[in-house]
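Structural overview
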Amino acid sequence: MKIQLPDASVREYDQPMTPAQVAADIGPGLAKAAIGAKINGNLADLHQPITEDCELALITSPRTDKKGRTKGDHNPDALYLLRHSCAHVMAEAIERLWPDTQLAYGPPLEHGFYYDLALDTPIRSEDFVKIEAEMKKIIEADRPFTRSELDPQAGMAKLQEENNKYKMDNAQRALDADAKTLSWYTTGDASGSTSGDAAGETSGGTSGGTSGGGGWEDLCMGPHLPRTGLIGGFKVMSIAQSHWHGDLESDAFQRVYGTAFFSQADLEDHLEKLEEARQRDHRVVGKRLGLFEIDEAVGQGLILWKPNGAIVRQELQDFIGEHLKRQGYSQVFTPHISKLDLYRTSGHYPYYADSQFPPLVDREVIQKLADEGCSCSDLANRLEKGEIEGYLLKPMNCPMHIKIFDSEKRSYRDLPIRLAEFGTVYRWEQSGELGGMTRVRGFTQDDAHLFVTEDQLAQELQGCLELVKLVFKTLGMTDYRVRVGLRDPDGDKYVGTADQWNKAEAACKNAAASLGVPFTLEPSEAAFYGPKIDFVVRDVIGREWQLGTVQVDYQLPERFDLEYVGSDNQTHRPIMIHRAPFGSMERFVGVLIEHFNGAFPLWLSPEQVRVLPISDKFIDYAAQVNDALKAVGIRTKIDDSNERVNAKIKVAQELKVPYMLVVGGRDAAGQTVSVRERFEGDLGAMPLDEFVTQVAQEMTSKGTTRVQVS
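Note that this is a predicted model, so its numbers are computed, not measured.

**Points about the overall build of the protein chain**
- Assigned secondary structure in the protein chain consists of 22 helices and 32 strands.
- Based on the C-alpha atoms only, the size of the protein chain along its principal axes is roughly 90 × 70 × 65 Å.
- Taken across its 710 residues, the protein chain has 50% of its residues classed as buried.
- Summarising the internal contacts of the protein chain: among those between residues at least 6 apart in sequence, 70% fall at separations of at least 24.
- When the accessible surface of the protein chain is summed, it comes to about 33300 Å², and 48% of that surface belongs to carbon and sulfur atoms.
- Averaging the locations of the 79 positively and 106 negatively charged side chains of the protein chain gives two centres separated by 5 Å.

Pasting the structure below:
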């Protein structure tokens with residue numbers, strides 16, 4: 001049996017091995033550090049048997065500094081093992097405290113884990129301390145996680161005896177997904193375990209296992225850490241309501257959230273970032289700065305851009321618009337609604353029907369169908385089949401841009417054709433998934449579609465990527481990674497031929513490789529019509545946001561039968577590129593608010609300068625200063641309130657105004673201004689005309705210069 005390691009070396013064995021045994025064979029240091037493995041890319045326990053040739057990568061505990069903080073980025077596979085294991089520890093602790101608990105499901109998440117549980121007694125936030133105390137006992141006992149398996153018949157019989165319908169449902173779903181066995185994990189001694197949950201869970205009040213000889217058992221696919229003692233910092237975070245299978249009509253659960261890290265120092269860093277994120281929340285900052293509003297009378301997920309927010313949005317649109325002109329784009333405008341057939345042809349309907357607003361049907365047609373006894377479900381089925389015509393709030397701009405391309409006869413001399421639009425689209429999001437500006441039901445994309453020849457594809461992709469990089473560089477968002485979404489060759493959601501997909505994916509891979517930043521290939525993440533390049537930006541407190549995107553599409557030109565006449569006087573099919581450097585204006589501005597904590601660069605700031613006369617006697621000079629700034633396009637206001645100047649400064653600071661100009665008698669006499677910068681404080685006095693020149697230069701340069709007082 002040949003086992004290939006990540007360094008391409010191969011180890012041969014004449015008997016079954018486990019990752020733990022391979023680690024020990026390599027060296028005692030690795031054996032001590034190993035906490036899990038990947039076998040042919042699949043996450044596994046250290047004691048998973050290996051019986052055939054494979055690729056093996058061992059997962060180790062993170063290296064830490066003197067303060068216990070993880071060095072470098074956290075390994076997501078290691079965190080998965082840790083948090084999945086901690087979810088079991090929390091479930092056992094809850095069962096100890098509330099023996100009537102029935103556990104349902106407890107997966108790890110990107111930033112933690114949760115467990116859904118059925119319990120009549122409400123768990124409250126004040127209970128978190130005692131849950132954590134029980135968890136600490138289990139972790140300090142350093143009990144092993146041990147896997148055991150049963151064949152389907154014996155496994156289902158075991159679950160029926162334990163009488164937990166949620167675990168039986170979990171097991172049946174696993175078997176329906178072609179699982180060959182059912183697996184349990186015991187925390188402690190498997191021989192004396194008491195069932196706890198996901199497969200084992202007690203229905204009648206037996207608590208989980210003890211920290212001594214007994215064990216606590218959970219139906220689970222795994223994998224897990226070798227033992228509980230590897231869990232470092234952990235915390236129960238919150239409680240929420242959920243429902244079985246997400247069905248509001250089904251059983252209600254209490255969902256308990258937690259998080260875990262390999263060290264207490266990592267946990268504390270995480271909690272500090274959460275607090276900073278809370279303070280930066282764009283919903284709070286946006287309201288305080290008067291940027292946007294969400295009004296229930298208008299509707300959830302629909303953004304009202306207030307004057308200050310509109311300035312930020314317009315500045316961004318003007319900025320990208322200048323570069324669109326430079327690259328030869330043509331501006332277009334399309335309606336917010338179109339016939340449903342347009343999206344049937346594109347494939348967006350019914351493929352994305354669940355994420356679209358319901359179609360609109362002519363009143364007379366609805367009345368006629370109602371008279372015929374047509375039910376709502378019948379209407380939906382007939383709409384899906386195309387038997388009834390309707391209209392749709394547009395979920396995508398691309399079919400309308402396609403129609404603009406197709407409105408004229410095209411020659412190869414016309415290509416590339418680049419059509420751009422700040423187009424508003426509408427998606428139906430569940431109310432529980434909405435979140436301020438970052439998850440909405442109506443949003444405006446800085447959308448464009450390029451129609452190119454095969455020979456032009458690579459160069460045009462480079463132009464699209466240049467725009468995305470320019471946006472990020474200008475805004476100081478230089479910490480980003482790239483992911484290339486590819487199709488799953490065995491998936492059924494993709495349209496088109498393998499040859500088309502291979503060419504499109506090769507183009508995306510080559511373009512991503514040219515960027516000079518890390519990129520990953522992610523199968524199954526392509527759109528149904530083509531692969532895509534997504535840009536994932538890390539903000540100043542380490543959170544990641546998917547923003548700009550570029551996609552290559554051979555399929556929609558095929559579906560709409562697009563053509564151009566080539567140099568050979570024959571018709572050919574163009575290739576489409578979909579691209580949106582900002583993604584959506586709502587999401588992008590929401591991310592910017594949090595990234596800058598509302599303190600936008602000068603060129604984006606709704607108010608760039610505030611003039612603060614120290615008393616009413618100097619309002620005339622303040623007006624002169626104000627006029628001089630407005631003359632060069634600076635957004636400025638005078639605070640002519642009766643407050644003392646320190647109070648005026650405080651108000652301007654809270655509103656994140658970049659510059660404050662304090663003016664009094666000496667300034668009026670000398671035609672100077674006393675400059676305060678929002679971060680650096682008092683910069684001193686300088687001639688008015690010099691300040692005007694410098695601040696105008698800073699605005700034009702998009703923040704690459706700063707006002708300097710000599």
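Past the structure itself, the notes keep going.
**Concerning the nonpolar core**
- The biggest cluster of nonpolar side chains holds 80 residues, and the ones touching the most others in it are L316, F472, L475, F588, L629, V673 and F691.
- At eight residues, the largest contribution of residues to this core is made by helix α15 (residues 457-474).
- In contact with F588, not counting residues within four places along its chain, are L316, V471, F472, L475, M477, L547 and F582.

**Digging into the environment of R483**
- With respect to the secondary-structure elements, R483 resides in strand β21 (residues 480-486).
- Expressed as a C-alpha distance, the spacing of R483 and V651, which sit 168 residues apart in the sequence, is 43 Å.
- With residues near it in sequence (within four places) discarded, R483 still touches T520, E522, K532, I533, D534, V536 and Q546.

**A short note on helix α19 (residues 619-631)**
- With 13 residues, α19 extends 18 Å from end C-alpha to end C-alpha; this agrees with the ideal 18 Å at 1.5 Å per step.
- Residues of α19 that are buried include every one of Y621, A622, V625, N626 and L629, and no others. Within α19, the buried residues cover an arc of 145° as seen down the axis, which keeps them to one side. Counted as exposed and oriented over 90 degrees from the buried face of α19: D620 and A631.
- One or two residues past the end of α19 sits G633, with phi positive at roughly 85°.

**Structural notes on the sheet that holds strand β12 (residues 234-243)**
- Within the open sheet, the four strands sit side by side as β6-β7-β13-β12. Their pairing is antiparallel. With partners counted over all chains shown, the strands left at the sheet margins are β6 (102-105) and β12, one partner each. The sheet shows a mean angle of 30° between the axes of neighbouring strands, taken without regard to direction.
- Sheet topology places β6 next to strand β7 (residues 113-118); three bridges connect them, and they run antiparallel.

**Some words on the environment of T571**
- Looking at the secondary structure, you find T571 in strand β26 (residues 571-572).
- Through-space distance from the C-alpha of T571 to that of R410 is 9.5 Å; in sequence the pair is 161 residues apart.
- When residues no more than four places from it in sequence are discounted, the contact partners of T571 are E563 and Y564.

**Some words on the packing of aromatic side chains**
- Considering all chains together, one arrives at 13 aromatic pairs under this definition.
- When the centroid spacing of 4.4 Å and the interplanar angle of 20° are considered together, the rings of F405 and F451 count as stacked. One end of the pair, F405, is in helix α14 (residues 398-405); the other, F451, is in strand β20 (residues 442-452), and 46 residues separate them in sequence. As far as burial versus exposure is concerned, F405 and F451 are alike and both buried.
- One aromatic cluster in this structure is built from Y105, Y114 and Y257.
- Geometry around F405 places R410 over its ring, the cationic atom sitting 5.2 Å from the centre.
- Sitting over the ring of W428, R441 keeps its end group 3.9 Å from the ring centre.

**Some points on the environment of S61**
- Note that S61 resides in the loop between β5 (54-60) and α3 (76-97).
- Here the alpha-carbon distance between S61 and L175, two residues 114 residues apart in the chain, equals 33 Å.
- Ignoring anything within four residues of it in the chain, the contact list for S61 reads A33, I35 and L230.

**Brief notes about the confidence of the model for the protein chain**
- The predicted model of the protein chain averages 90 in pLDDT, with 96% of residues at 70 or higher.
- When the criterion is pLDDT under 50, residues 192-213 qualifies, and its contacts beyond four places in sequence or with other chains add up to 84 contacts.

**Points about the pairing of β5**
- Bridge count between strand β1 (residues 2-4) and β5: two bridges; the pairing is parallel. In the sheet register, I3 faces β5, and the bridge partner there is C54.
- Bridging between strand β3 (residues 34-39) and β5 involves five bridges; their strand directions are antiparallel. Pairing of I39 across the sheet is with L56, part of β5.

**As for the packing of helix α9 (residues 307-326) against α15**
- Two elements in contact, α9 and α15, have axes whose closest approach is 11 Å; the angle formed by their N-to-C orientations is 150°. The pairing of α9 with α15 is recorded here as roughly antiparallel in orientation. In terms of crossing hand, the pair formed by α9 and α15 is right-handed. Contacts between α9 and α15 pair F319, I320, H323, L324 and R326 from the former with E466, L467, L470, V471 and T474 from the latter.
- Residues belonging to the contact of α9 with α15 are distributed by class as follows: six nonpolar, two polar and two charged.

**Section: unusual backbone geometry**
- The peptide bond linking G222 to P223 adopts the cis configuration, its omega dihedral lying at -5°.
- Of note in the backbone geometry, N569 takes a positive phi value of approximately 65° without being a glycine.
- Mapping N569 onto the fold places it in the loop between β25 (564-565) and β26.
- The exposure class of N569 is exposed, given its relative accessible area of 63%.

**Concerning the pattern of salt bridges**
- Per the stated rule, a full pass over the model turns up 44 salt bridges.
- Note that R344 and D341 form a salt bridge whose closest N and O atoms lie 2.5 Å from each other. With R344 and D341 both in helix α10 (residues 340-346), this residue pair falls three residues apart, about one helical turn.
- One salt-bridge network, in which partners are shared between bridges, spans E92, R96, E134, K137 and R143.

**Details of the side chain of T636**
- Mapped onto the fold, T636 is located in strand β29 (residues 636-638).
- Under the relative-accessibility criterion, T636 is labelled buried at 8%.
- In terms of polar contacts, T636 uses its side chain to reach the side chain of N626, at 2.8 Å.
- Residues within four places of T636 in sequence aside, it is in contact with V609, V611, N626, L629 and K630.

**Quick word on the packing of α15 against helix α16 (residues 498-513)**
- Between α15 and α16, the least distance of the axes is 10 Å, while the angle of their chain directions is 45°. Relative to α16, the element α15 is oriented oblique. Both α15 and α16 take part in a crossing whose hand is right-handed. Contacts from L457, L461, Q462 and L465 of α15 reach α16 at A507, C508 and A511.
- Among the residues forming the contact of α15 with α16, the class breakdown is six nonpolar, one polar and no charged.

**A few points about helix α7 (residues 264-280)**
- In this model α7 runs 24 Å from its N-terminal to its C-terminal C-alpha over 17 residues, within 8% of the 24 Å that 1.5 Å per residue would give.
- Turning to α7, its buried residues are A265, D266, L267, H270, A277 and R280.
- Turning to α7, the residues buried within the fold contact β12, β13 (252-260), α8 (282-288) and α18 (585-596).

The rules we used
- Residues numbered from 1 in each chain as written.
- Predicted model: local features only at pLDDT ≥ 70, side-chain atom pairs only at ≥ 80, totals over all residues.
- Heavy atoms only, no water.
- Helix = DSSP H or I, 4+ residues; strand = E, 2+ residues; numbered from the N terminus.
- Buried < 20%, exposed > 50% of the residue type's maximum accessible area, 1.4 Å probe, protein only.
- Contact = heavy atoms within 4.5 Å.
- Areas by Shrake-Rupley, 256 points an atom, 1.4 Å probe, with all protein chains shown as cover.
- Lys, Arg positive; Asp, Glu negative; His and termini not counted.
- Charge placed at Lys NZ, Arg CZ, Asp CG, Glu CD.
- Core = buried A, V, L, I, M, F, W, Y, C linked by side-chain atoms within 4.5 Å.
- Expected span 1.5 Å × (residues − 1).
- Arc of directions from axis to C-beta.
- Pairing = 2+ DSSP bridges.
- Axes fitted to C-alpha atoms, helices over the stretch in contact; angles between N-to-C directions.
- Phe/Tyr/Trp six-rings, centres within 6.5 Å; stacked < 30°, edge-to-face > 60°.
- Lys NZ or Arg CZ within 6 Å of the ring centre and 35° of its normal.
- pLDDT = per-residue confidence, 0-100.
- Parallel < 35°, antiparallel > 145°, perpendicular 65-115°, else oblique.
- Left-handed = near helix turned anticlockwise from the far one by under 90°.
- Nonpolar A, V, L, I, M, F, W, Y, C, P; charged D, E, K, R; others polar.
- Salt bridge = Lys/Arg side-chain N within 4 Å of Asp/Glu carboxyl O.
- Polar contact = N/O pair within 3.5 Å; in protein donor to acceptor, adjacent residues only side chain to side chain.

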